[in-house]
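This is what each chain is made of:
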Amino acid sequence: KGRKSGVVSTREDSSSGALSPIEDVEDNKERDYANLVQLMEEALCTRDSNRTNLVVGGLVQHIVQQWREAFCKSAITKFNCYFMLPFVDDFHMYLRRELHKISEGEGSELSEIFDLTAARRALQKQVDELKSECAANRKLQDKFHMVAKMMQREQERSIQQEGFAGQ
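Residues numbered from 1 in each chain as written. Predicted model: local features only at pLDDT ≥ 70, side-chain atom pairs only at ≥ 80, totals over all residues. Heavy atoms only, no water.

Trainee: Even after reading the chapter, I still don't get the overall build of the protein, so can you show me in this structure?
Mentor: The helix and strand tally for the protein stands at 4 helices and 0 strands. The N-to-C order of helical and strand elements in the protein reads α-α-α-α. Counting only residues that meet the buried cut, the protein has 11% of its 167 residues in that class. Here the protein has roughly 14500 Å² of accessible surface; of this, 59% comes from carbon and sulfur atoms. (Helix = DSSP H or I, 4+ residues; strand = E, 2+ residues; numbered from the N terminus. Buried < 20%, exposed > 50% of the residue type's maximum accessible area, 1.4 Å probe, protein only. Areas by Shrake-Rupley, 256 points an atom, 1.4 Å probe, with all protein chains shown as cover.)

Quick look at the structure:
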């Protein structure tokens, strides 16, 4: 069938005069809305009782679907709030108790996170290790430079000796 792209198809698009639902829209809600608009247009243009019944049925289905979605969203929100409110009410007290324990040194897993002296020591140890590694690498580079110079001098001597021998 020759359908126009868009939301509403006109009467000329359908050959039999019956409703032709729009199926080329990707989203189900958009497709349902487009079909409902098409029904409304056709019901306004004609006085066919079957089409009027289809329009009323489509409107009722659309209203019920929207009501179900709103009801589900409301129920989910209330359900989540019901279970989250006790947690929200008690969370600040729990957090205060844990921070108080940490400040007094009554250890917990969180005390390691807030132990700044241990963190500073670990970072200082890592800095010292990196400095010693850099110093060792520097010494190794110096040895390689020394070996390279020795090999270059040795090569120059051998070239000079060959030059004297060939004369």
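Trainee: Help me out: how do you make sense of the confidence of the model for the protein in this one?
Mentor: Parts of the prediction with low pLDDT should not have their coordinates interpreted in detail. Overall, the predicted model of the protein reaches an average pLDDT of 78, with 77% of residues at or above 70. Here helix α3 (residues 111–114) stands out as the least confident element of the protein, with mean pLDDT 61; helix α4 (residues 116–166) is the most confident, with 91. Between residues 1–16, whose pLDDT stays under 50, and residues either more than four places distant or in other chains, the model counts 21 contacts. (pLDDT = per-residue confidence, 0-100. Contact = heavy atoms within 4.5 Å.)

Trainee: Just checking my understanding: could you explain the packing of aromatic side chains for this structure?
Mentor: The geometry of an aromatic ring pair is captured by two quantities: the separation of the ring centres and the angle between the planes. For the structure on display, the rule yields 4 aromatic pairs. Geometrically, the ring pair formed by Tyr82 and Phe83 is edge-to-face, given 5.2 Å between the ring centres and 80 degrees between the ring planes. The class for Tyr82 is exposed, based on a relative accessible area of 60%. Residue classification places Phe83 among the partly exposed positions, given a relative accessible area of 48%. Ring centres of Phe87 and Phe91 lie 5.4 Å apart, and the angle between their planes is 35 degrees; this geometry places the pair in the tilted category. Here Phe91 and Phe87 lie together in helix α2 (residues 49–104), a separation of 4 residues that amounts to about one turn. Exposure remark for Phe91: the relative accessible area of 37% places this residue in the partly exposed category. (Phe/Tyr/Trp six-rings, centres within 6.5 Å; stacked < 30°, edge-to-face > 60°.)

Trainee: What should I look at first to understand helix α1 (residues 28–45) in this one?
Mentor: Since the α-helix packs 3.6 residues into each turn, any two residues three or four apart lie on the same face. For α1, with 18 residues, the first-to-last C-alpha span of 26 Å sits near the 26 Å given by 1.5 Å per residue. What α1 keeps buried is the set Ala34, Asn35, Leu36, Gln38, Leu39, Glu42 and Ala43. Each element contacted by the buried residues of α1 is listed here: α2. (Expected span 1.5 Å × (residues − 1).)

Trainee: Before we go on, may I ask you to explain the layout of surface pockets in this structure?
Mentor: Using a probe with the size of a water molecule, rolled over the atoms, empty space left in the structure can be pinpointed. Roughly 180 Å³ of volume is contained in the largest pocket. Taken together, Asp32, Asn35, Leu36, Leu39, Leu54, Gly57, Gly58, Gln61, His62 and Gln65 make up the full set of residues lining the largest pocket. Counting residues per element, the lining of the largest pocket draws most heavily on α2, which supplies 6 residues. For the lining of the largest pocket, the residue count by class is 3 nonpolar, 6 polar and 1 charged. (1 Å grid on protein atoms, 1.4 Å probe; cavity = no way out; pocket = protein on both sides within 12 Å on 5 of 7 lines; lining within 4 Å. Points joined across faces, edges and corners; volume = space filled by probe spheres on them. Nonpolar A, V, L, I, M, F, W, Y, C, P; charged D, E, K, R; others polar.)

Trainee: How should I be thinking about the packing of α1 against α2 in this particular structure?
Mentor: The angle between the axes and the distance between the axes are what describe a pair of packed helices. Where α1 meets α2, the axes come as close as 9 Å, and the angle between the chain directions of the two elements is 150 degrees. Looking at the two axes, α1 sits roughly antiparallel to α2. Between α1 and α2 the crossing geometry is left-handed. In contact with Lys29, Asp32, Leu36, Leu39, Met40, Glu42 and Ala43 of α1, α2 contributes Arg51, Leu54, Val55, Gly58, Leu59, His62, Gln65 and Glu69. (Axes fitted to C-alpha atoms, helices over the stretch in contact; angles between N-to-C directions. Parallel < 35°, antiparallel > 145°, perpendicular 65-115°, else oblique. Left-handed = near helix turned anticlockwise from the far one by under 90°.)

Trainee: Is there a simple way to explain α2 in this structure?
Mentor: Its 56 residues place the ends of α2 81 Å apart at the C-alpha level, agreeing with the 82 Å of an ideal helix rising 1.5 Å per residue. Where α2 bends most, at Met84, the angle is about 35 degrees, and the proline Pro86 comes one to four residues later. All of the buried residues in α2 are Arg51, Val55, Gly58, Glu98 and Ile102. (Bend = angle between axes of the 7 residues up to and from the residue.)

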